[in-house]
Amino acid sequence: MSSENAQIRIIASMPLAEDWGKLTKYTFDYRRHDGEWQRQTREVYDRGNGAVILLYNRRKRSVILTRQFRLPLFVNQHHGFLLEAAAGLLDELEPEERIRHEAEEETGYRLEQVQKVFVAWMSPGSVSEKLHFFIAEYDDSKRTGSGGGVIEEGEDIEVVEMDFATALAAIRTGDIADGKTIMLLQHLALEGIL
């Protein structure tokens, strides 16, 4: 990160917390479109960059999702169990290598071919994470285990195979409410993959 450019000057950074991720308070000067400088402060949560993958089967017209408990949802008046595409932090690996590991850990499918479809920032107002989006075709011959995640990392993941039409309908009903999963399901629909 550059601390200065023609429009932004970082004045100070103060670490607020560092546990699962790092929360830092930044003070910076921002040059507005009218040329005036304005001092601002923001908190930025850095948890590292990540990758997400949606597994699909053309013949069955189905997708593989995971269901797991998410505390931030629970404390925001949701039951906390979220249907989502398999995902994880990069942890110093290249996105394609990491997502292959995550897919197998979480879903039990070993993937030979993955296709990167785009990169996006999911909550750029406060989170620095850049997310790499992938899709991959699966079939039963690629199943190497039951999935479920890594117990030592606190994961307790249910693997859910869902009809594609049902998954799209679940977006409308709110049963699928995870942004990255919605984006990948809509990508499959828009591209005519399923």
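All values derive from a computational prediction rather than experimental measurement.

Parameters and conventions
All residue numbers refer to positions counted from 1 along the written sequence of the respective chain. Totals for whole chains, interfaces and linings use every residue, but because this is a predicted model, local features are given only for residues with pLDDT of at least 70 and side-chain atom pairs only at 80 or more, for both listing and counting. To get the side-chain values, all heavy atoms of the structure are used, and hydrogens and water are removed first. Salt bridges are defined by distance alone: a side-chain nitrogen of Lys or Arg within 4 Å of a carboxyl oxygen of Asp or Glu. Put simply, DSSP marks the helices as runs of H or I at least four residues long and the strands as runs of E at least two long, and each gets a number from the N terminus on. For every residue, the accessible area (1.4 Å probe, protein chains only) is compared with the maximum for its type, and the residue is labelled buried under 20%, exposed over 50%, or partly exposed between those bounds. Throughout, nonpolar core names a set of buried Ala, Val, Leu, Ile, Met, Phe, Trp, Tyr and Cys residues whose side chains join them through atoms within 4.5 Å. In what follows, a contact means two residues having at least one pair of non-hydrogen atoms within 4.5 Å. UniProt positions are given in the numbering used here, feature names are shortened, and annotations may be inferred rather than shown by experiment. What goes into a patch is any residue over 30% in relative accessible area without a salt bridge, connected to like charges within 9 Å or, for nonpolar side chains (Val, Leu, Ile, Met, Phe, Trp, Tyr), within 5 Å. Method for areas: the Shrake-Rupley scheme with a 1.4 Å probe, in which residue coverage is limited to the protein chains shown. Only four residue types enter the charge count: Lys and Arg as positive, Asp and Glu as negative, with His and the chain ends excluded. Working definition for charges: the position is that of NZ of Lys, CZ of Arg, CG of Asp or CD of Glu.

### Some details on the pattern of salt bridges
Taken as a whole, this structure holds 14 salt bridges when the rule is applied. We note a salt bridge from glutamate 137 to arginine 58, for which the minimum N-O separation is 3.3 Å. Remark: arginine 58 occurs in the loop between strand E4 (50-57) and strand E5 (62-69) and glutamate 137 occurs in strand E9 (residues 130-137); sequence separation between them is 79 residues. Owing to a relative accessible area of 31%, glutamate 137 belongs among the partly exposed residues under this scheme. A residue is classified by how much of its surface remains accessible, and arginine 58, at 43% relative accessible area, is partly exposed.

### Describing the nonpolar core
Grouped together as the largest cluster of nonpolar side chains are 25 residues, with contacts concentrated most on Leu54, Val63, Met162, Ile176, Leu185 and Leu188. Elements that contribute at least two residues to this core include exactly E4, E5, E9, strand E10 (158-163), helix H3 (164-173) and helix H4 (179-190). Those residues in contact with leucine 185, other than ones at most four positions away along the chain, are Leu54, Val63, Phe164, Ala167, Leu168, Ile171 and Ile176. Counting 14 residues, the second largest nonpolar core, distinct from the first, contains Ile64, Ala86, Tyr109 and Ala136.

### Some points on the UniProt feature "binding site: Mg(2+)" (unreviewed entry) in the protein chain
As annotated by UniProt and renumbered to match this structure, "binding site: Mg(2+)" (unreviewed entry) occupies Ala87, Glu102, Glu106 and Glu155. Taking the farthest pair of C-alpha atoms as the criterion, the annotated set spanning 69 residues converges on one region, since that pair is 11.9 Å apart. Tracing the backbone through its elements, the reader meets alanine 87 in strand E7 (residues 86-89). Assignment of secondary structure puts glutamate 155 in the loop between E9 and E10.

### Considering a negative patch on the surface
Together, Asp91, Glu92, Glu152 and Glu153 make up a negatively charged patch on the protein surface. By secondary structure assignment, the location of glutamate 152 is in the loop between E9 and E10. Judged by relative accessible area, which is 73%, glutamate 152 ranks as exposed.

### A few points about the UniProt feature "domain: Nudix hydrolase" (unreviewed entry) in the protein chain
When the UniProt feature table is mapped to this numbering, "domain: Nudix hydrolase" (unreviewed entry) covers residues 46-184. Note that residues 46-184 is 24% helix and 33% strand, and that its end C-alpha atoms are spaced 23 Å apart.

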